[in-house]
Structure formats: structure tokens, C-alpha cells
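Okay, here's what each chain looks like letter by letter:
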Amino acid sequence: MYPAELVKPMREDLTSVGFEELFTAEAVEKAINAEGTTLVVVNSVCGCAAANARPGAKMSLLNDKKPSNTVTVFAGVDTDAVNAARGLMVPFPPSSPSIALFKNGELVHMIERHHIEGRPAEMIAENLKQAYDEFC
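Residues numbered from 1 in each chain as written. Predicted model: local features only at pLDDT ≥ 70, side-chain atom pairs only at ≥ 80, totals over all residues. Heavy atoms only, no water.

Chemist: Describe the pairing of strand β5 (residues 106–111), listing the residues and the values that go with them.
Modeler: As paired strands, strand β4 (residues 98–103) and β5 are joined by 5 bridges and run antiparallel to one another. When the sheet's bridge partners are listed, phenylalanine 102 is paired in β5 with leucine 107. The loop that links β4 with its antiparallel partner β5 comprises 2 residues; one of these, asparagine 104, has a positive phi angle of about 50°. (Pairing = 2+ DSSP bridges. Helix = DSSP H or I, 4+ residues; strand = E, 2+ residues; numbered from the N terminus.)

Chemist: Please provide a residue-by-residue account of helix α6 (residues 121–135), values included.
Modeler: In a regular helix each residue adds 1.5 Å, so 15 residues correspond to 21 Å; α6 covers 21 Å between its end C-alpha atoms and thus fits that length. Looking only at α6, the buried set comprises Ala121, Ile124, Ala125, Leu128, Lys129, Ala131, Tyr132 and Phe135. All buried residues of α6 fall inside an arc of 165° around its axis, so they share one side. Exposed residues on α6 whose side chains face more than 90 degrees from its buried face are Gln130 and Glu134. Turning to α6, the residues buried within the fold contact β2 (37–43), α3 (47–60), β4, β5 and α5 (113–116). (Expected span 1.5 Å × (residues − 1). Buried < 20%, exposed > 50% of the residue type's maximum accessible area, 1.4 Å probe, protein only. Arc of directions from axis to C-beta. Contact = heavy atoms within 4.5 Å.)

Chemist: Explain helix α4 (residues 79–87) to me, using residue names and the numbers behind them.
Modeler: Considered for burial, the residues of α4 that qualify are Ala81, Val82, Ala84 and Ala85. All buried residues of α4 project into a common sector of 165° when viewed along the axis, lining one side.

Chemist: Break down the sheet that holds β2 for me, with residues and values.
Modeler: Strand order in this open sheet of 5 strands is β1-β3-β2-β4-β5, and the pairing throughout is mixed. In the strand order of this sheet, the two ends are held by β1 (20–21) and β5, each with one partner. Relative to strand β3 (residues 69–74), β2 is paired through 6 bridges, and the arrangement is parallel. In the strand pairing of β3, valine 40 is matched with valine 71. Here helix α2 (residues 25–32) sits on the sheet and contacts β2, β3 and β4; the angle it forms with β2, its principal contact strand, is near 145°. Taken strand by strand, α6 contacts β2, β4 and β5, and its axis lies near 160° from that of β5. (Axes fitted to C-alpha atoms, helices over the stretch in contact; angles between N-to-C directions.)

If you want it as C-alpha cells, here you go:
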């Protein structure tokens, strides 16, 4: 567990632009199985989350098509919610940060940590925008 005061600004980086934080497995399952598309960001304290994943996810929403729902869970903090989200991201191995797009409960697009590390936020945003154009 990371201290709440440490992760607060990292949480707010996404919630300030409308991402809903999920804290329980039930909330994750409800959000992912909601009608339409749901973007799930597995947030993290690591540098690639701060420099690439969170900015990329936020930039991706500047698109004509975008997900119906945007949610986030925090690795190392919201254990039940993270485990539930990762369980629905199979066959991809657990990684944080990571970003997944679901449509009507089905995983349709995944960005794993190794796709985030060393890539600029703009590239991640473009990858997500292409997925939105296809699935949203």
C-alpha cells in the first residue's frame, strides 16, 4: 500500500478530467460490463505512468469518438479493484500502468506497460484514438 498523500495527486491527474475511480471488484465488473465502451486505466506510481500513460489517456479523449465511460484503478492501492480489472484483461499478463478498452464487457484493445515505457504520450494517445475510431 502506498500512502494516500503520495497517490492523491496521481489519482487527481485522471479524476480531474472525468475518470471515475473504482475501489471494489463489484464496481469494476459493473463499469466494464456497462453498455457501450469503457476505458480502464490501471494507474501506477511509476514514472512511465506520470510521463506517458496518464497524459496519453487524457490526450486521447480529445477525439470525435471516445469511450462512453472512463474509469481508473490504482495498482498497489486498490487491490480488489485492480485484481478484478486484470482478471478481465486476460490473456494479457498483469502490468501497471496499462490501459484497456472494453466494448459491452468484451476486451477489444489493450496497451501493456511495455507499450507505454519509452513511448511519448502523444503516441499512446494516437493509439487509443485509433481504437476509439474503430470501437466507439
